[in-house]
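A look at the structure
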There are 2 protein chains.
Amino acid sequence: MEKEDLALIKPVEIAVVGAGKLSWHLSQKLFAQGHTITQIFSRQFEKAEKLAKLVGASATNDLAKINTNTCWVLIAVADDAIEEVSEALNSREALFIHTSGSAPINLLNKHKRRGVFYPLQSFSLQSKPNWNNIPIFIDASKNEDIEVMTAIAQTISNSVVPANDKQREQLHLAAVFANNFSNHLFVLAQAILKKNNLPFSAILPLINETVNKLQFDEPKNLQTGPAIRNDVKTIEKHLEMLDDKPELYKTYQLLTQSIINQHN
Amino acid sequence: MEKEDLALIKPVEIAVVGAGKLSWHLSQKLFAQGHTITQIFSRQFEKAEKLAKLVGASATNDLAKINTNTCWVLIAVADDAIEEVSEALNSREALFIHTSGSAPINLLNKHKRRGVFYPLQSFSLQSKPNWNNIPIFIDASKNEDIEVMTAIAQTISNSVVPANDKQREQLHLAAVFANNFSNHLFVLAQAILKKNNLPFSAILPLINETVNKLQFDEPKNLQTGPAIRNDVKTIEKHLEMLDDKPELYKTYQLLTQSIINQHN
């Protein structure tokens, strides 16, 4: 988005509930884009204060002190806490927004104007996110709010997409497979290597290369290994090697069969 | 390795059996490092000829025409074919080397001097490998041969490590988990997204970020998602969403349980 376009977007005033990893990065990014962060709430006052200082906001650990007489109330808390927080907030004309992939928008039903602002990334306190590349999924109960939220999200990211409850649920499920589960396979691989005095760095270039290729090609076209070659001899040998590790054995067997099914 | 050191390494003469992806890249790299490729064998003559032209070698599709009166005979063929090829070659003073991770060195038992030269990477014809970063695992029946092979491998890669049959087997098994299986999880994730009209690119930044972090931290420290949070509500919802997809259901269940077990 060009600077001139940015100038057309009216900065919004935002009260932020939550001071976790997502709130930490998103509040600072919205502040950097010229929006006003009025308040930061966290149950731990020090946490709220630390973030509030960075974005020129006031800090509170009392939900009742959140002034909802503002443009947006951004609820960036754990999924399980969204409804409780929403119910505890005074309803006004503000747009009440949660930031969760898997929580439905109706957790905010107490309020007339409801929205979802879901950046699909795994945030950590150590590293600065590259917002340009982070897909942001938007939903709202009113079309005008979808438009405003989209315009503001576009000042942060090049990839802003509307997504309803069902689509966000499926996105989150897909992310669990592609991200959480594949990371767990790295954990299992490292355990195998460690037992044989081999460093994880031995297989890191292989992982890097596969993910490099993923930028330009579909994963289905990149599948390699004994399963897709139907290399029964190697598969049997590997299963034998895992004979005393029932969890790895079952995982190997299931994923091998799944690869064979997928490509037949 | 410095240029002066390189000058100390006597170039070797190499006959190469096989013209697949590994042979394609390794022959060219050895040639570029100043070694002499005498012959390229492939059952498909055109394939042998194409590679032979690039490395100044002669091409043949007749194993009996491989002149084993040379320094190295590099057998870069499918695991299943190594023994047959080895048996078909005249034994001389040459060092007979295979390039497989999972095949034992004794498949070359016909010959006095046996070696293994295993670059752990998934090669493709489209992209040029970054040899500097590719770990090369070395074994040989004679210690002097391990030394020479190591020195030559070090002119190609910064990561050259001795590894016996058992270690290479375990490396290969770990690579199947970390690479083949995780790629399959990307395939499963894409299928979920496609069904919901969502592009794979929506979750690519998440995958990239996790693999970026993997360069600096252990996968165990990077685990995120409902399983490690013991977020039973989300896990149950996901399983419900997969109710009509038994393969995905079983995979989700097994890997979730495995994450829980691993971190408890």
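Numbers given for residues are sequential positions, taken from 1 along each chain in its written order. All chains are assigned letters beginning with A, and all ligands numbers beginning with 1, in the order in which they are written. Totals for whole chains, interfaces and linings use every residue, but because this is a predicted model, local features are given only for residues with pLDDT of at least 70 and side-chain atom pairs only at 80 or more, for both listing and counting. Hydrogen atoms and water are omitted, and side-chain values are computed over all heavy atoms in the structure.

1. Concerning the overall build of chain A
Secondary structure elements are defined from DSSP: runs of H or I of at least 4 residues count as helices, runs of E of at least 2 residues count as strands, and each element is numbered from the N terminus. Each helix and strand in chain A was counted, giving nine helices and eight strands. When its C-alpha atoms are laid out on the principal axes, chain A stretches across 70 × 35 × 35 Å. For chain A, the computed accessible surface area is about 12000 Å², with 48% contributed by carbon and sulfur atoms. Neither His nor the chain ends is counted toward charge; the positive residues are Lys and Arg and the negative residues Asp and Glu. Positions of charges follow a simple convention, taking NZ of Lys, CZ of Arg, CG of Asp or CD of Glu. For chain A, the distance from the average site of its 27 positive side-chain charges to the average site of its 28 negative ones is 4 Å. Accessibility throughout is a Shrake-Rupley quantity obtained with a 1.4 Å probe, and a residue counts as covered only by protein chains that appear here.

2. Remarks on unusual backbone geometry
Residues and elements named next belong to chain B. Positive phi, normally seen in glycine, also occurs at Asn197, with a value near 55 degrees. Positive phi outside glycine occurs at Asn230, with the angle close to 55 degrees. For Asn230, the position within the fold is in the loop between helix H7 (204-214) and helix H8 (232-241).

3. What about the interface of chain A and chain B?
With 80 residues of chain A in contact, the opposing surface of chain B contributes 80 residues. Summed over both sides, the interface between chain A and chain B buries roughly 8100 Å², with carbon and sulfur atoms accounting for 64% of that surface. The term buried area means the drop in 1.4 Å probe accessible area that two parts suffer when joined, counted for both and summed. If you sort the residues of chain A by the area they bury against chain B, Phe177, Phe181 and Leu206 of chain A come out on top, with a joint share of 8%. Between Lys or Arg on one side and Asp or Glu on the other, a salt bridge is scored when a side-chain nitrogen of the former is within 4 Å of a carboxyl oxygen of the latter. Residue Lys237 of chain B is joined to Glu169 of chain A by a salt bridge in which the shortest nitrogen-to-oxygen separation is 3.4 Å. Mapped by element, the contributors of at least two residues to the side of chain A that touches chain B are helix H6 (165-195), helix H7 (204-214), helix H8 (232-241) and helix H9 (246-262) of chain A. The nonpolar class holds Ala, Val, Leu, Ile, Met, Phe, Trp, Tyr, Cys and Pro. Asp, Glu, Lys and Arg form the charged class, and all remaining residues, Gly among them, are polar. Here the side of chain A that touches chain B is composed, by residue class, of 38 nonpolar, 30 polar and twelve charged. Two residues form a contact once any of their heavy atoms are found within 4.5 Å.

4. Description of the packing of aromatic side chains
The description of two aromatic rings rests on the distance between their centres and on the angle between their planes. In summary, the pairing rule links any two rings of Phe, Tyr or Trp, Trp by its six-membered ring, whose centres are within 6.5 Å, and it sorts them by plane angle into stacked for under 30 degrees, edge-to-face for over 60 and tilted for everything else. One pass over the full model with this rule turns up twelve aromatic pairs over all chains. With a centroid separation of 5.2 Å and an interplanar angle of 70 degrees, the aromatic rings of Tyr252 of chain A and Phe181 of chain B are classed as edge-to-face. Of this pair, Tyr252 of chain A sits in helix H9 while Phe181 of chain B sits in helix H6 (residues 165-195), each in a different chain. Here Tyr252 of chain A matches Phe181 of chain B in class, with each residue buried. Each member of the aromatic cluster is reached from another via a ring pair, and the members are Phe177 and Phe181 of chain A together with Tyr252 of chain B. Only protein chains enter the area calculation, which uses a 1.4 Å probe; residues under 20% of their type maximum are buried, those over 50% are exposed, and those in between are partly exposed.

5. Here we look at the relation of the copies chain A and chain B
The superposition of copies rests on a least-squares fit of C-alpha positions from residues with pLDDT of 70 or more in both. Overlaying chain A with chain B gives an RMSD of 0.0 Å, the required rotation being 180 degrees about an axis along which the chain moves by 0.0 Å. In the structure described here, the two chain copies are related by an operation that fits a two-fold rotation axis. By C-alpha distance to the rotation axis, the residue of chain A lying nearest is Ser182 of chain A, at 2.4 Å.

6. Remarks on the pairing of strand S6 (residues 113-119) of chain A
Residues and elements named next belong to chain A. S6 sits mainly inside the fold: six of its seven residues count as buried. Bridge count for strand S5 (residues 95-98) against S6 is four bridges, and the pairing is parallel. Bridging from a neighbouring strand, Ile97 pairs with Gly115 of S6. Two strands make a pair as long as DSSP finds a minimum of two bridges between them. By the bridge criterion, five bridges tie S6 to strand S7 (residues 136-140) in an arrangement that is antiparallel. By the bridge assignment, Val116 is partnered in S7 with Asp139.

7. Observations regarding the sheet that holds strand S6 (residues 113-119) of chain B
Across a sheet, paired strands are connected by hydrogen bonds in the backbone, their directions being either parallel or antiparallel. Residues and elements named next belong to chain B. Strand order in the open sheet formed by eight strands is S3-S2-S1-S4-S5-S6-S7-S8, with mixed pairing between adjacent strands. Because the sheet does not close on itself, it has two edges, and the strands there are strand S3 (58-60) and strand S8 (160-162). Adjacent strand axes in the sheet meet at a mean angle of 25 degrees, parallel and antiparallel pairs treated alike. Pairing geometry for strand S1 (residues 13-17) and strand S4 (residues 72-75), over four bridges, is parallel. Pairing of Ala15 across the sheet is with Val73, part of S4. Angular values range over 0 to 180 degrees, each being the angle between N-to-C directions of two axes fitted as lines to C-alpha atoms, with helices fitted over their stretch in contact.

8. Comments concerning the sheet that holds strand S8 (residues 160-162) of chain A
Residues and elements named next belong to chain A. Taken in spatial order, the eight strands make up an open sheet running S3-S2-S1-S4-S5-S6-S7-S8, and their pairing is mixed. The open sheet has two edge strands with one neighbour each: strand S3 (58-60) and S8. Direction aside, neighbouring strands of the sheet carry axes that sit 25 degrees apart on average. Strands in contact with helix H3 (residues 45-54) are strand S2 (36-41) and S3; relative to S3, the strand with the most contacts, it is inclined by about 165 degrees.

9. Digging into the confidence of the model for chain A
On average, residues of chain A score 93 in pLDDT, and 97% of them reach the 70 mark or higher. Our summary of model confidence lists the complex with pTM equal to 0.87 and ipTM equal to 0.88. What pLDDT expresses is the predictor's confidence in each residue, scored from 0 to 100.

10. Remarks on empty space enclosed by the protein
Any residue with an atom within 4 Å of a point lines the site, the site being either a cavity, points on a 1 Å grid over the protein atoms alone where a 1.4 Å probe fits but cannot get out, or a pocket, an open set with protein on both sides within 12 Å along at least 5 of 7 lines. Grid points are joined across faces, edges and corners, and a volume is the space filled by probe spheres set on the points. Taken as a whole and judged by the stated rule, the model has one cavity of 30 Å³ or more. A volume near 50 Å³ is recorded for the largest cavity. Surrounding the largest cavity, His25, Gln121, Ser122, Phe123, Ser124, Ser127, Pro129, Asn130 and Ile134 of chain A together with Glu209 of chain B form its lining.

11. Some thoughts on helix H4 (residues 79-88) of chain B
Residues and elements named next belong to chain B. Taken residue by residue, H4 has Ala81, Ile82, Val85 and Ser86 as its buried positions. The buried residues of H4 occupy an angular sector of 135 degrees when the element is viewed end-on, so they sit on one face. The outward face of H4, more than 90 degrees from its buried face, is lined by the exposed residues Asp80 and Glu84. The inward-facing, buried residues of H4 abut S1, S4 and strand S5 (95-98). Starting at the helix axis, one direction is taken to each C-beta atom, and the arc is that of these directions.

12. A short note on the packing of H6 of chain A against H8 of chain B
Relative to each other, H6 of chain A and H8 of chain B sit at 100 degrees, their axes nearing to 11 Å. Our classification of the angle between H6 of chain A and H8 of chain B gives roughly perpendicular. Each of Glu169, Gln170, His172, Leu173 and Val176 of chain A in H6 of chain A lies in contact with H8 of chain B, whose residues at this interface are Thr234, Lys237, His238 and Met241 of chain B. When its residues are assigned to classes, the contact of H6 of chain A with H8 of chain B shows three nonpolar, four polar and two charged. Orientation categories follow fixed angle ranges, with anything under 35 degrees roughly parallel, anything over 145 roughly antiparallel, 65 to 115 roughly perpendicular, and all other angles oblique.

13. Quick look at the environment of Phe137 of chain A
Counting through the fold element by element, Phe137 of chain A comes out in strand S7. Each C-alpha atom of the pair Phe137 of chain A and Ser100 of chain A lies 9.7 Å from the other, and the pair is 37 residues apart in sequence. Setting aside residues up to four positions removed in sequence, Phe137 of chain A forms contacts with Val116, Phe117, Tyr118, Leu120, Val161, Ala163, Arg168 and Leu171 of chain A together with Ala202 of chain B.

14. Focus on the environment of Pro129 of chain A
All names here are of chain A. When you line up the elements, Pro129 lands in the loop between S6 and S7. Taking the C-alpha atoms as reference, Pro129 lies 25 Å from Ile105; in sequence the two are 24 residues apart. Apart from residues lying up to four places away in sequence, Pro129 is in contact with His25, Phe123 and Ile134.

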